[in-house]
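# Structure assessment
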Amino acid sequence: MIRENGVLHVVATPIGNLGDLSQRAIDVLREVQVIAAEDTRHTARLLHAHGIATPCVAVHEHNEREVVPKLIERLGRGESIALVSDAGTPLVSDPGYHLVRAAIAAGIRVVPVPGPSALIAALSASGLPTDRFCFEGFLPAKAAARRKRLEGLRTATATLVFYESPHRILDTLEDLQAVFGPERPMVLARELTKTFETFLRGTVAEVRAQVQADPDQRRGEMVLLIQGAEARNAATLDEDRLLAILLEEMPVRQAAALAARLSGGKKNRLYQRALELQRGK
Ligand code: SAM
């Protein structure tokens with residue numbers, strides 16, 4: 001039951017299975033004056049399934065800035081609003097940020113109604129460490145920018161979580177292998193809470209091989225999770241810096257030999273890494 005007026009409720013909705021809408025979410029959606037929805041037609045189907053007749057207004061990335069002042073005015077008049085996105089938790093790779101910020105700035109109470117999110121659903125059943133994780137959202141669409149973003153994460157020790165679209169999955173898996181190596185454990189979580197829900201668990205090379213071999217594994221909605229770097233791999237960052245500095249002054253073989261003496265690392269591995277750095281990887 002809503003007991004307060006003029007509240008902005010941020011309401012999570014199902015990511016596939018309609019049964020995942022909480023009773024509290026249903027109550028809030030029924031009782032607010034208006035629902036601010038990413039796609040009103042999409043949300044209408046959810047509301048219809050639960051017999052909810054609350055009117056909707058569209059709030060999406062193209063109109064959010066212009067619609068927000070009108071919604072803040074309504075909240076100020078004492079109306080309550082529920083913000084929903086097409087699936088999962090609003091603001092998690094979805095619209096709503098500007099509305100929430102404006103509501104807070106206007107002194108309006110913002111109340112979360114928690115529920116599904118693909119990121120948490122994938123993480124919870126992935127089998128990868130969950131004590132520390134880093135949500136990276138969608139990777140850049142352009143190949144060079146994507147590689148660069150991944151490079152910056154190579155030595156991160158927390159589990160990394162990405163959203164990905166089916167048409168980029170093969171390219172991204174190739175990039176993951178190039179940056180994190182073929183042996184890093186990972187999980188591809190697909191079609192969560194839906195009929196064809198699938199978890200592919202293995203090394204990057206194993207998951208990539210399965211996705212390459214089976215076109216079905218490239219369909220639907222997906223979350224990619226990569227185990228964080230081992231602490232000893234994290235030290236590679238310093239090795240990279242060391243090699244980069246030495247490479248400015250001397251040839252590859254000499255740089256690798258000196259880096260091995262200074263860091264105690266294996267000469268062959270440092271030589272291979274020096275070659276990669278020289279090629280700009
Ligand atoms: N707000 C949503 C949430 O809380 O998860 C995410 C919205 S984002 C625009 C959509 C992306 O989330 C998809 O491209 C996919 O990466 C992921 N996703 C959403 N539903 C999913 C599902 N049922 N299974 C796997 N991934 C899903």
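Just so we're clear, the structure is a prediction, and the values are computed from it rather than from any experiment.

Calculation notes
Residues numbered from 1 in each chain as written. Predicted model: local features only at pLDDT ≥ 70, side-chain atom pairs only at ≥ 80, totals over all residues. Heavy atoms only, no water. Axes fitted to C-alpha atoms, helices over the stretch in contact; angles between N-to-C directions. Helix = DSSP H or I, 4+ residues; strand = E, 2+ residues; numbered from the N terminus. Parallel < 35°, antiparallel > 145°, perpendicular 65-115°, else oblique. Left-handed = near helix turned anticlockwise from the far one by under 90°. Contact = heavy atoms within 4.5 Å. Domains from an automatic or database assignment. Near = heavy atom within 4 Å. Polar contact = N/O pair within 3.5 Å; in protein donor to acceptor, adjacent residues only side chain to side chain. Areas by Shrake-Rupley, 256 points an atom, 1.4 Å probe, with all protein chains shown as cover. Nonpolar A, V, L, I, M, F, W, Y, C, P; charged D, E, K, R; others polar. Salt bridge = Lys/Arg side-chain N within 4 Å of Asp/Glu carboxyl O. Buried < 20%, exposed > 50% of the residue type's maximum accessible area, 1.4 Å probe, protein only. Arc of directions from axis to C-beta. Pairing = 2+ DSSP bridges. Phe/Tyr/Trp six-rings, centres within 6.5 Å; stacked < 30°, edge-to-face > 60°. Lys NZ or Arg CZ within 6 Å of the ring centre and 35° of its normal.

### Describing the packing of helix H6 (residues 143-151) against helix H7 (residues 169-180)
Their axes nearest at 10 Å, the elements H6 and H7 cross at an angle of 40°. Looking at the two axes, H6 sits oblique to H7. Every pair of crossing elements has a handedness; the one defined by H6 and H7 is right-handed. Counted together, Arg 146, Arg 147, Leu 150 and Glu 151 of H6 and Asp 171, Thr 172, Glu 174, Asp 175, Leu 176, Ala 178, Val 179 and Phe 180 of H7 form the full contact between these two elements.

### Focus: the domain arrangement of the protein
Examined at the domain level, the protein breaks down into domain 1 (7-116), domain 2 (119-226) and domain 3 (239-278). If you average the C-alpha positions of domain 2 and of domain 3, the two centres end up 30 Å apart.

### Some remarks on the site of the ligand
Around the ligand lies a shell of 19 residues, among which Asp 94, Ser 117, Ala 118, Tyr 163 and Met 222 are the nearest. Ser 117 is positioned such that a nitrogen or oxygen atom in its side chain is 2.7 Å from an oxygen atom of the ligand. Backbone polar atom of Glu 164 to an oxygen atom of the ligand: 3.4 Å apart, as the coordinates give it. When the ligand sits alone it has 570 Å² of accessible area, and the protein chains cover 90% of it. Taken together, the elements giving at least two residues each to the shell around the ligand come down to strand E7 (159-164) and strand E10 (222-226). Its residues assigned to classes, the shell around the ligand shows 10 nonpolar, 4 polar and 5 charged. Looking at which domains feed residues into the shell around the ligand, each of domain 1 (7-116) and domain 2 (119-226) supplies at least three.

### Quick notes on the pattern of salt bridges
Inspection of the entire model under this criterion finds 15 salt bridges. Linking Arg 146 and Asp 175 is a salt bridge whose minimum nitrogen-to-oxygen distance equals 2.7 Å. Of this pair, Arg 146 sits in helix H6 while Asp 175 sits in helix H7, and the two are 29 residues apart along the sequence. Overall, the relative accessible area of 4% leaves Arg 146 in the buried class. Assessed through its relative accessible area of 6%, Asp 175 is described here as buried. Among the salt bridges present, the one from Arg 154 reaches Glu 151, with a minimum N-O distance of 3.7 Å. Among the residues examined, Arg 154 registers a relative accessible area of 14% and is labelled buried.

### Here's the deal with helix H1 (residues 23-31)
Of the positions making up H1, those classed as buried are Ala 25, Ile 26, Val 28 and Leu 29. All buried residues of H1 lie within an arc of 165° about the axis, which places them on one face of the element.

### Thoughts on the sheet that holds strand E4 (residues 81-84)
Within the open sheet, the 5 strands sit side by side as E3-E2-E4-E1-E5. Their pairing is parallel. For this open sheet the edge positions go to strand E3 (56-58) and strand E5 (109-113), each flanked by a neighbour on one side alone. The sheet shows a mean angle of 25° between the axes of neighbouring strands, taken without regard to direction. With 4 bridges joining them, strand E2 (residues 34-37) and E4 adopt parallel strand pairing.

### So, the packing of aromatic side chains
Evaluated as defined, the whole model comprises 2 aromatic pairs. Measuring from centroid to centroid gives 4.9 Å for Phe 135 and Tyr 163, while their planes differ by 70°, and the two rings are edge-to-face. Separated by 28 residues along the polypeptide, Phe 135 in strand E6 (residues 133-138) and Tyr 163 in strand E7 bring together distant segments of the chain. Among the residues examined, Phe 135 registers a relative accessible area of 28% and is labelled partly exposed. Overall, Tyr 163 belongs to the buried group, its relative accessible area being 9%. Ring geometry for Phe 138 versus Tyr 163: centroids 5.7 Å apart, planes at 65°, classification edge-to-face. Residue Phe 138 is found in strand E6, and its partner Tyr 163 is found in strand E7; the two are separated by 25 residues along the sequence. For Phe 138, a relative accessible area of 42% translates into the label partly exposed. In textbook terms, an aromatic cluster arises when at least three aromatic residues are bridged by ring pairs, as seen for Phe 135, Phe 138 and Tyr 163. Sitting over the face of the ring of Tyr 271, Arg 253 holds its NZ or CZ atom 4.6 Å from the ring centroid.

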